[in-house]
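Summary of structural features
In case you want the letters, here they are:
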Amino acid sequence: RHHTVPWERMGEATQTFLGGWTGGRKAGEPRRKLNAGKMEFVRRMVWTTAKAGGRTTSQWDGVVDFPIFRAFCAGWWEQTLTTLILTAEEFQCTRPKKIWLVSRKEAEQALARHRKAGTFLIRVSQTRPGKLVVSFNEKQQKHGMTMARHTLVSVSKHGFRADVPGQERWYDTLWALVKNCRQLRRLLHHDEGGGCTCKAEAFRKQRVGNVVGARSMQGLSFRRNFET
């Protein structure tokens, strides 16, 4: 409880832990490697949860102590990791990237480069731990321009459900939810050029098998596993 570690070491451990829980079980099967930008997203979440727990900005010196770690786990990491395990196939897929680790602002900037209505990406939520967000371009009838919109998606052992009024249906897969939404047409690529792929093609292939019986997982303490 009195140990501290530099963020770089915690970042490495996070990479290993995330890959172990969402990667394929076969030896040598590729696992998604988070680049510097995505690790910066995780680092921001570490500090965001620490500030929510009472830390001040001046106290952040790149060192993670137990209270910061505990706040990160309880405030965001455990719920988010559960969702990434439930969506392991999609998370591990990077061509095209199906689940992004970006902020709302970064998502809007990416979509702004592709103003066509129906262009979308899927990301983890920063403010609603454990939920996904579908960020998409929608055409505004009044002005005829496209505007980024964001819809939360609940993820559980029941499947996937869009958090919109009147929507009670749970879909078995993320693809089934996306397929049944007519507003979503083209998945935004992961690459810097920002190409798009029609959603049917983007979800046509799965890169990894079902790595764990995720829907039946209950009572796992990710905090305990992460500490060991």
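My aim in this report is to walk through the structure given alongside it, one point at a time. (Residues numbered from 1 in each chain as written. Predicted model: local features only at pLDDT ≥ 70, side-chain atom pairs only at ≥ 80, totals over all residues. Heavy atoms only, no water.)

Let us now look at the sheet that holds strand E5 (residues 146-156). With mixed pairing, six strands are arranged side by side in an open sheet as E6-E5-E4-E3-E7-E8. Because the sheet does not close on itself, it has two edges, and the strands there are strand E6 (159-162) and strand E8 (196-198). Averaged over all pairs of adjacent strands, the angle between their axes in this sheet comes to 35°, without regard to strand direction. The sheet strands contacting helix H5 (residues 104-112) are strand E3 (119-124), strand E4 (132-139), E5 and strand E7 (186-188), and the helix crosses E3 at an angle near 160°. (Pairing = 2+ DSSP bridges. Helix = DSSP H or I, 4+ residues; strand = E, 2+ residues; numbered from the N terminus. Axes fitted to C-alpha atoms, helices over the stretch in contact; angles between N-to-C directions. Contact = heavy atoms within 4.5 Å.)

Moving on: the pattern of salt bridges. This structure, assessed with the given rule, holds six salt bridges. In this structure, Glu40 and Arg43 form a salt bridge, with 2.9 Å as the shortest nitrogen-oxygen distance. A residue pair is termed a helical-turn pair when its members lie 3 or 4 positions apart in one helix, as Glu40 and Arg43 do in helix H2 (residues 36-52) at three residues. According to the relative accessible area criterion, Glu40 is partly exposed, its value standing at 30%. For Arg104, the salt bridge identified is with Glu108, shortest N-O distance 3.5 Å. In this pair, Arg104 and Glu108 are both assigned in helix H5, four residues apart and thus about one turn of the helix distant. Taking the relative accessible area as the measure of exposure, Arg104 reaches 47% and is therefore partly exposed. (Salt bridge = Lys/Arg side-chain N within 4 Å of Asp/Glu carboxyl O. Buried < 20%, exposed > 50% of the residue type's maximum accessible area, 1.4 Å probe, protein only.)

Moving on, we get to the nonpolar core. Counting 46 residues, the largest nonpolar core has Phe72, Trp77, Phe120, Ile122, Val124 and Leu132 as the members making the most contacts within it. Those elements giving two or more residues to this core turn out to be helix H1 (7-22), H2, helix H3 (66-86), E3, E4, E5 and helix H6 (174-179). With 11 residues, the single largest contributor to this core is H3. Beyond its immediate chain neighbours, meaning those up to four positions away, Phe120 contacts Leu111, Val134, Ser135, Phe136, Val178, Leu184, Arg185, Arg186, Leu187, Leu188 and Lys199. In terms of nonpolar packing, the next biggest core, distinct from the first, is built from eight residues, Trp100, Val102, Ala110 and Ala148 among them. (Core = buried A, V, L, I, M, F, W, Y, C linked by side-chain atoms within 4.5 Å.)

So, on to the side chain of Ser135. Relative to the helices and strands, Ser135 resides in strand E4. Overall, the relative accessible area of 0% leaves Ser135 in the buried class. Among the polar contacts listed, one links the side chain of Ser135 to the side chain of His150, at a separation of 2.8 Å. (Polar contact = N/O pair within 3.5 Å; in protein donor to acceptor, adjacent residues only side chain to side chain.)

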